[in-house]
Amino acid sequence: MDVLINVFVALHIIGIASLLGGFLTQMKAMSAGTARFTPAMLHGALTMLITGVALVGLNQADDQSVNNLKVGIKLVILVVILGLVYVKRDEEEIDKPLFGAVGALTTANVFIATLWT
């Protein structure tokens, strides 16, 4: 079971890398006002959602404790990110505050995951 959990953790990290990497590559475009949500950002958010739900289930099946409050907060943040990216995915230009909010929420999710013990 540990190997399976570690595989899903790796996939979860790949998802966050795709989402955050897509944001970081658009930083220069954001300052010019031409940033847009890339398909990699949408796919990264979806990967995070699917693997995160799977990780909760696998950890509970393995009788490991799961902090439901932490998972719930992370899920709400991810659903907001996913909603913003999904709805605005076809627009050529995204407003700076909206694009910045996705980056800030993604970063907040990383810090919640790593610092909340």
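Below is a short write-up of the structure. (Residues numbered from 1 in each chain as written. Predicted model: local features only at pLDDT ≥ 70, side-chain atom pairs only at ≥ 80, totals over all residues. Heavy atoms only, no water.)

1. Here's the deal with the overall build of the protein
The criterion, for reference: For helices the rule is a DSSP run of H or I covering at least 4 residues; for strands it is a run of E covering at least 2, with both sets numbered from the N terminus onward. The atom set for the radius of gyration is the C-alpha atoms, and the globule formula is 2.2 Å times the number of residues raised to the power 0.38. Buried residues are those whose accessible area, probed at 1.4 Å on protein chains only, stays under 20% of the maximum for their type, while exposed residues exceed 50% and partly exposed ones sit between those limits. Any two residues having at least one pair of non-hydrogen atoms within 4.5 Å are treated as being in contact. The Shrake-Rupley method, run with a 1.4 Å probe, gives the accessible areas here. Residue values count only the displayed protein chains as cover.
Broken down by element type, the protein carries five helices and zero strands. For the protein, the N- to C-terminal ordering of α and β elements is α-α-α-α-α. Computed over C-alpha atoms, the radius of gyration of the protein comes to 15 Å, within 12% of the 13 Å expected from 2.2 N^0.38 for 117 residues, which places it in the range of a compact globule. In terms of principal-axis extent, the alpha carbons of the protein reach across some 50 × 20 × 20 Å. The proportion of buried residues among the 117 residues of the protein is 31%. At a minimum sequence separation of 6, the contacts of the protein that also span at least 24 residues come to 80%. Approximately 6,700 Å² of the protein is accessible, and the part contributed by carbon and sulfur atoms is 69%.

2. Things to note about the nonpolar core
This is how the line gets drawn: Residues belong to one nonpolar core when they are buried, are Ala, Val, Leu, Ile, Met, Phe, Trp, Tyr or Cys, and are joined through side-chain atoms within 4.5 Å.
Counting 20 residues, the largest nonpolar core has L19, F37, M41, I81, V85, F99 and V102 as its most contacted members. In terms of residues, this core owes the most to one element, helix α4 (residues 68–87), which gives five residues. For V102, the contacting residues outside a window of four places in its chain are F37, M41, I81, L84 and V85.

3. Focus: unusual backbone geometry
Its identity as a non-glycine residue notwithstanding, D63 has a phi of 60°, on the positive side. Residue placement: D63 occurs in the loop between α3 (39–61) and α4. Under the relative-accessibility criterion, D63 is labelled exposed at 72%.

4. Examining the packing of α4 against helix α5 (residues 96–115)
Worth spelling out the cut-off: All axes are obtained by fitting lines to C-alpha atoms, using only the stretch in contact for helices, and the reported angles, taken between N-to-C directions, cover 0 to 180 degrees. Should an angle fall under 35 degrees it is called roughly parallel, over 145 degrees roughly antiparallel, and 65 to 115 degrees roughly perpendicular, with every other angle called oblique. Note: crossing handedness is left-handed where the near helix turns anticlockwise from the far helix by less than a right angle, and right-handed where it turns clockwise. Polar here means any residue outside two lists: the nonpolar Ala, Val, Leu, Ile, Met, Phe, Trp, Tyr, Cys and Pro, and the charged Asp, Glu, Lys and Arg; Gly therefore counts as polar.
Two elements in contact, α4 and α5, have axes whose closest approach is 10 Å; the angle formed by their N-to-C orientations is 155°. Relative to α5, α4 is oriented roughly antiparallel. For the element pair α4 and α5, the recorded crossing hand is left-handed. Contact residues: α4 offers K70, I73, K74, I77, L78, V80, I81, L84 and V85, while α5 offers L98, V102, L105, T106, N109, I112 and A113. Of the residues in the contact of α4 with α5, the class split is 12 nonpolar, two polar and two charged.

5. Observations concerning the packing of aromatic side chains
Going by this rule: Stacked, edge-to-face and tilted are the three classes for Phe, Tyr and Trp ring pairs, Trp counted by its six-membered ring, which pair at centre distances within 6.5 Å; planes under 30 degrees apart are stacked, over 60 edge-to-face, the rest tilted.
Counted by the stated rule, this structure contains two aromatic pairs. Both rings, one in F23 and one in F99, keep their centres 5.1 Å apart while their planes meet at 25°; by these two values the pair is stacked. Here F23, found in helix α1 (residues 2–25), pairs with F99, found in helix α5; they are 76 residues apart in sequence, far enough to count as distant. For the pair formed by F23 and F99, the shared burial category is buried.

6. What to know about the side chain of Q26
For Q26, the location among the structural elements is in the loop between α1 and α2 (27–32). Residue classification places Q26 among the buried positions, given a relative accessible area of 13%. Every residue in contact with Q26, bar those within four places of it in the chain, is listed here: T34, A35, R36, T38 and F99.

7. Quick word on the pattern of salt bridges
Convention followed: Each salt bridge in this description consists of a side-chain nitrogen of Lys or Arg and a carboxyl oxygen of Asp or Glu lying within 4 Å of one another.
Counted according to the given criterion, the structure contains one salt bridge. Of the charged contacts, one joins E91 and K88 as a salt bridge, the two residues approaching to 3.4 Å between their closest N and O atoms. Residue classification places K88 among the partly exposed positions, given a relative accessible area of 27%.

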